[in-house]
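A look at the structure
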Amino acid sequence: MADEDERAVQAAIAAEMRLLDPAVRASPELVSELLDPDFTEIGASGRRWDATSILTVTSAASVDPEPPVEVSEMSGTVLAPGIVHLTYFADHGGRRAWRSSLWRLTETGWRLYFHQGTLVP
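Predicted, not measured: the structure shown is a model, and the values here were computed from it. For every chain, the first residue of its written sequence is number 1, and the numbers climb from 1 along that sequence. With pLDDT at 70 or above as the cut-off, local features in this predicted model cover only qualifying residues; side-chain atom pairs require 80 or more to be listed or tallied, and sums for whole chains, interfaces and linings still use all residues. Excluding hydrogens and water, the side-chain values take into account all heavy atoms of the structure.

Structural notes on the packing of aromatic side chains
Each pair of aromatic rings taken from Phe, Tyr and Trp, with Trp reduced to its six-membered ring, is defined by centres within 6.5 Å and is described as stacked if the planes are under 30 degrees apart, edge-to-face if over 60, and tilted in the remaining cases. As enumerated under the stated definition, the model contains 1 aromatic pair in all. Over the ring of tryptophan 49 we find arginine 47; its NZ or CZ atom is 3.7 Å from the centre of that ring. By definition, being over a ring means that NZ of Lys or CZ of Arg is both within 6 Å of the ring centre and within 35 degrees of the ring normal.

Examining the environment of aspartate 91
Helix and strand assignments come from DSSP, with helices taken as H or I runs of at least 4 residues and strands as E runs of at least 2, each series counted from the N terminus. With respect to the element layout, aspartate 91 can be found in strand E4 (residues 83-92). Measuring from C-alpha to C-alpha, the distance between aspartate 91 and serine 72 comes to 8.6 Å, with 19 residues separating the pair along the chain. By definition in these notes, contact holds between two residues if any of their heavy atoms fall within 4.5 Å. In this structure, aspartate 91 is in contact with Pro68, Val69, Glu70 and Arg96, ignoring residues within four places of it in sequence. Two N or O atoms form a polar contact when they lie within 3.5 Å of each other; inside protein one atom must be a possible hydrogen donor and the other a possible acceptor, and for residues adjacent in sequence the pair counts only when both atoms belong to side chains. A distance of 2.8 Å separates a polar side-chain atom of aspartate 91 from the backbone nitrogen of glycine 94.

Scope: geometric values only; no functional claims are made or implied.
So, in structure tokens, the structure goes:
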């Protein structure tokens, strides 16, 4: 992997890990800094999300603090300049899923463009 590609993958991984941080997830301002305006997600539940619906959930005062997400097998590939695809396994309080994220480099930094989770029995 070229140095430039490696830096892009590491930047996307760092941004993904920030987004998985319970303290960041509890802050709509911090979450919005990481989501692309055109963000979409197909959640492990099968529900389709967009940036607005994610921010509504994270801004709800009734949200309990989340347990940390345990991440393993994180890997990334540059698909095109400024586009990184990440895959990893996540265990979130016993809810286990394979995760896939597309990160896009914008004028304001790396932003999550698409995310999908698939539950593992």
